[in-house]
Amino acid sequence: MNVIEINNLTKYYGKARGIIDVSFNVKEGEIFGFIGPNGAGKSTTIRTLLSLIFPTSGSATIFGKDCIKYGPEIRQDIGYLPSEVFYYDKMKVIDLLKYSASFYKKDCTKRTHELAEIMELDLKRRIDDLSYGNKKKVGIVQGLLHEPKLIMLDEPTSGLDPLMQQKFFDIIEKENKKGATVFFSSHILAEVQALCNRVAIIKEGSIVKLEDIKTLSAVHYKKITVRGDKLDESKFNIEGVSELQKQAHEIKFYYNGDINKMIGAIGAETVQDVLIEEPSLEEIFMHYYK
Amino acid sequence: MNIFTYELKMYRNSIIIWSISIAGLLVLFMGIYPSMAADAALMDMILENYPEAMLKAFGMAGSLSLSSVLGYFTFTFAFVQLCLAMQSSYYGFHFLSVEERELTADFLMSKPVSRRRIIIAKFMAAFVSLLITNLCVWVGSFGSIMLFRDGHAFEPGNLIVLLSTIIIFQLFFLCIGMLVSVLVKKIRSVLAFSMALAFGLYILNALRGIIGGELLGIITPFYHFEASYIIEHGKYNMATASISIGIIIVSIVSSYLLYLKRNIHSL
């Protein structure tokens, strides 16, 4: 069964492009990744599904019901965490969470406290005294306290420290095991690779590719920078290296292959510093989706 | 109901401050009345020597004497109206736009509520807040007159007619503010908008007083519900009042329809 069905969804902001002819489905019980560079149309798609904005043409259904027409009813079972969180500043955390819970038909008190405890959230503080990371935690708790059947996350990890990110992903995975479907937008490939079953890739408002995560897992581009005085670039001429650039005391390249081989090659050299980074999605796109 | 309760709570301080200020204004002005009335003949003479244009601008050129209780109250009431206009338009410009300005719309609208419920709850909360202020103006008006009328008689019927126009007057500014807030993309400064609307229409009526004629008064409720006319005639001008009511209805209907279809943008 499909939880989300999107059919030829198009949105223009005046003349500016939002999304063009987007179609895909999200199945029940899966964690579906939605990736693309900033400005590609991820948020536009999600905001349309929540009927925060209205499509120029096309339609979408959630739980088999039109997402505009039955919006309020559908949203009983949706938990949403936006990329930027803003709440009523003058409220205390607990009051905001209670206000949030008052919109749902069930009693959410127990789950609220459970989540707050996991996320180490102080319920007595005022919202405007919270740091960005803590506001984000409030966002996570208010998005999940009604145990939604569909969780929509719009770049949820920005502003969370790595430890909290891990806790957050644990919660999401647990919810997923309990049966919740997760729709997860991000511009960080590694994040999506770690969590999702299937992925849709959006670029300049259109879906470029819909893939099983296994296919995408084969792609492990790393961006490697090696610094040293006497580097021999020919030593790095192994399979999987691309766009090698040599400067005075530095060699930069992308690598997609067995990481042990690369470590060996670097180890054979006298280096001062090594930097192995996750390339940005734009950089991956340049190589993978030309 | 939860949105309504929350909103009303947010208005609490504002209602208290406005109500106390307006009631204070009434007491302060009416407090001077006894000494004014004592030298009634002198006061009327002073006023006669003022340039007529100025008297017209303040709506004091009519046959009402400043030495009568309601004549003096009329003069005071113009300021009360100005305050009410500012408060009402502030609420009007504020109550829908705040969610988008402070980016809390995402929170509210991703909850299982319809736009219809949101706009109705928010409108009712603003309206009830204005009703409470209204009530305080009634109490303040009667209270200050009773306290300071100094034995002078007055016609309570006329005063009741005057005070009963407040609610339409408030709605006018509330609804215009609401309409503008859904017509434009974003309202950055609610204060600037509400001052412009309240003072703009006040000045328009003052200008009308100086120039004469009705044309300038068509769109300003300061003219539709001019205190001196109501106190003098014991009723308000139905023709002009219905213009206000018409504008209110059109504003409510169009704001409602526009809000249902409004795109809520993120940061």
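Predicted, not measured: the structure shown is a model, and the values here were computed from it. (Residues numbered from 1 in each chain as written. Chains lettered and ligands numbered in written order. Predicted model: local features only at pLDDT ≥ 70, side-chain atom pairs only at ≥ 80, totals over all residues.)

### Topic: the overall build of chain A
Stated formally: What counts as a helix is a DSSP run of H or I of at least four residues, what counts as a strand is a run of E of at least two, and both are numbered from the N terminus. To sort residues by burial, count the other C-beta atoms lying within 10 Å of each one's C-beta; a count of 20 or more means buried, 12 or fewer means exposed, and anything in between means partly exposed. C-beta atoms are built from the backbone. For every residue pair, C-beta atoms are placed from the backbone, and the pair is scored as a contact if these atoms sit within 7 Å.
Across its full length, chain A holds 10 helices and 14 strands. Along the first, second and third principal axes, the C-alpha atoms of chain A reach 65 × 45 × 35 Å. Here chain A, with 290 residues, has 38% of them falling under the buried criterion. Sequence-distant contacts in chain A: of pairs separated by 6 or more residues, those separated by 24 or more amount to 70%.

### A closer look at the overall build of chain B
The criterion, for reference: Here the globule rule is a power law, 2.2 Å times the number of residues to the power 0.38, and the radius of gyration is based on C-alpha atoms.
In terms of regular secondary structure, chain B is built from 12 helices and zero strands. The linear arrangement of helices and strands in chain B, starting from the amino end, is α-α-α-α-α-α-α-α-α-α-α-α. Relative to a compact globule of 267 residues, whose C-alpha radius of gyration would be 18 Å, chain B shows 20 Å and is just as compact. In chain B, which comprises 267 residues, the proportion classed as buried is 39%.

### What about the interface of chain A and chain B?
Here is the rule: Side-chain classes are defined by residue name, with Ala, Val, Leu, Ile, Met, Phe, Trp, Tyr, Cys and Pro counting as nonpolar, Asp, Glu, Lys and Arg as charged, and the others, Gly among them, as polar.
On the chain B side, the residues contacting the 21 residues of chain A number 18 residues. Mapped by element, the contributors of at least two residues to the side of chain A that touches chain B are α1 (42–49) and α2 (71–75) of chain A. For the side of chain A that touches chain B, the element with the most residues is α2 of chain A, which contributes four residues. A breakdown of the residues in the side of chain A that touches chain B according to their chemical character gives 13 nonpolar, four polar and four charged.

### So, the sheet that holds strand β7 (residues 150–154) of chain A
All names here are of chain A. Definition in use: The pairing criterion is simple: DSSP has to find at least two bridges between the two strands. Helix axes are fitted only over the stretch in contact, all axes being lines through C-alpha atoms; the angle between N-to-C directions runs from 0 to 180 degrees.
Strands sit in the order β6-β7-β8-β3-β9-β10 across an open sheet of six strands; the sheet is mixed. Edge strands, defined here as strands with exactly one partner in the open sheet, are β6 (78–81) and β10 (206–212). Ignoring which end each strand starts from, the neighbouring axes of this sheet average 15° apart. Note: β6 against β7, four bridges, orientation parallel. The residue of β7 that forms the bridge with Gly79 is Ile151.

### Here we look at helix α1 (residues 2–38) of chain B
Residue and element names in this part refer to chain B. Formally: Helix span, as expected, comes to 1.5 Å for every residue beyond the first.
Between its terminal C-alpha atoms α1 stretches 54 Å, which fits the 54 Å expected from 37 residues at 1.5 Å a residue. For α1, the full list of buried residues reads Ile3, Glu7, Tyr11, Trp18, Ser19, Ile22, Leu26, Met30, Tyr33 and Ala37. Considering only its buried residues, α1 is in contact with α2 (40–49), α4 (69–101) and α6 (115–148).

### Examining helix α4 (residues 109–118) of chain A
Residues and elements named next belong to chain A. We apply this condition: The directions from the helix axis to the C-beta atoms are what the arc is built from.
Along α4, the residues that are buried comprise Thr112, Leu115 and Ala116. Take α4 and look down its axis: the buried residues cluster within an arc of 100°, on one side only. Away from its buried face, by an angle of more than 90 degrees, α4 presents the exposed residues Lys110 and Glu117. Of the surrounding elements, those touching the buried residues of α4 are α3 (93–101) and α5 (132–144).

### Observations regarding the nonpolar core
Rules: Nonpolar cores are identified as sets of buried Ala, Val, Leu, Ile, Met, Phe, Trp, Tyr and Cys residues joined via C-beta atoms within 7 Å.
Ranked by size, the top nonpolar core spans 62 residues in total, and within it Ile62, Val141, Met152, Val182 and Phe183 of chain A carry the most contacts. Excluding residues that lie within four positions of it along the chain, Met152 of chain A makes contacts with Ile46, Leu49, Ile78, Tyr80 and Phe183 of chain A. With 59 residues, the next largest nonpolar core counts Leu130, Phe169, Met178 and Ile230 of chain B among its residues.

### Observations regarding the sheet that holds strand β1 (residues 2–13) of chain A
The strands making up a sheet are joined through hydrogen bonds of the backbone, oriented either antiparallel or parallel. Residue and element names in this part refer to chain A. Across the sheet, four strands lie side by side as β2-β1-β4-β5; this open sheet has antiparallel pairing. Either end of the sheet is taken by a strand with one partner, and the two such strands are β2 (16–27) and β5 (65–66). The strands touched by α1 are β1, β2 and β4 (57–62); relative to β1, the strand with the most contacts, the crossing angle is about 115°.

### Looking at the pairing of strand β13 (residues 250–255) of chain A
Residues and elements named next belong to chain A. Judged by which residues are buried, β13 turns out to be one-sided: Ile251, Phe253 and Tyr255 face inward and are buried, whereas Glu250, Lys252 and Tyr254, on the alternate face, are not. As judged from the six bridges shared by strand β11 (residues 222–227) and β13, these two strands associate in the antiparallel manner. Paired with Lys222 across the two strands is Tyr255, which belongs to β13. Connecting strand β12 (residues 241–247) to the antiparallel partner β13 that follows it, the hairpin turn spans two residues.

### Some remarks on the pairing of β12 of chain A
Side-chain positions along a regular strand alternate between the two faces of the sheet. All names here are of chain A. Among the seven residues in β12, zero count as buried, and that is only a small part of the element. Relative to β13, β12 is paired through five bridges, and the arrangement is antiparallel. Within β13, the residue paired with Val241 across the bridge is Tyr255.

### Notes on the domain arrangement of chain A
Rules: What marks off one domain from the next here is an automatic or database domain assignment.
Taken domain by domain, chain A consists of domain 1 (2–217) and domain 2 (222–288). Between domain 1 of chain A and domain 2 of chain A, the C-alpha centre-to-centre distance is 36 Å.

### A word on the packing of α4 of chain B against α6 of chain B
When two helices pack together, you describe them by how their axes are tilted relative to each other and by the distance separating the axes. Residue and element names in this part refer to chain B. As a reminder, the rule being used: Working rule for angles: under 35 degrees goes down as roughly parallel, over 145 as roughly antiparallel, 65 to 115 as roughly perpendicular, anything else as oblique. What makes a crossing left-handed is the near helix being turned counterclockwise from the far one by less than a right angle; a clockwise turn instead makes it right-handed.
At a minimum axis distance of 11 Å, the contact between α4 and α6 shows a crossing angle of 165°. Our classification of the angle between α4 and α6 gives roughly antiparallel. α4 and α6 meet at a crossing whose hand is right-handed. On α6, the residues touching Val69, Phe73, Val80, Gln87, Ser88, Tyr91, Phe95 and Leu96 of α4 are Lys122, Ala126, Ser129, Leu130, Thr133, Val137 and Ile145. Across the contact of α4 with α6, the residue classes tally to 10 nonpolar, four polar and one charged.

### Section: unusual backbone geometry
Apart from glycine, the bulk of residues carry a negative phi angle, and the bulk of peptide bonds sit in the trans form. All names here are of chain A. Residues other than glycine seldom take positive phi values, yet Phe63 does so here, at roughly 50°. With respect to the secondary-structure elements, Phe63 resides in the loop between β4 and β5. Judged by the 20 C-beta atoms lying within 10 Å of it, Phe63 is buried. Its identity is not glycine, yet Glu204 carries a phi of approximately 45°, on the positive side. Summarising the element assignment, Glu204 is placed in the loop between β9 (198–203) and β10. On the basis of neighbour count, Glu204 is assigned to the partly exposed category, with 13 C-beta atoms found within 10 Å.

### A look at the environment of Lys136 of chain A
Structurally, Lys136 of chain A can be placed in helix α5. C-alpha separation for the pair Lys136 of chain A and Glu84 of chain A, spaced 52 residues apart in sequence, amounts to 8.0 Å.

### Considerations on the environment of Leu216 of chain B
Residues and elements named next belong to chain B. Mapped onto the secondary structure, Leu216 falls in the loop between α9 (190–211) and α10 (221–224). Considering only alpha carbons, one finds Leu216 and Asp106, 110 residues apart in sequence, at a separation of 42 Å. Non-local contacts of Leu216, meaning those with residues more than four positions away in its chain, are made with Leu204, Leu207, Arg208 and Ile211.

### Details of the environment of Leu189 of chain A
Residue and element names in this part refer to chain A. Looking at where Leu189 falls in the secondary structure, it is placed in helix α7 (residues 189–195). Taking the C-beta count within 10 Å as the criterion, Leu189 has 24 such neighbours and is therefore assigned buried. Between the alpha carbons of Leu189 and His220 there is a distance of 9.4 Å; along the sequence they are 31 residues apart.

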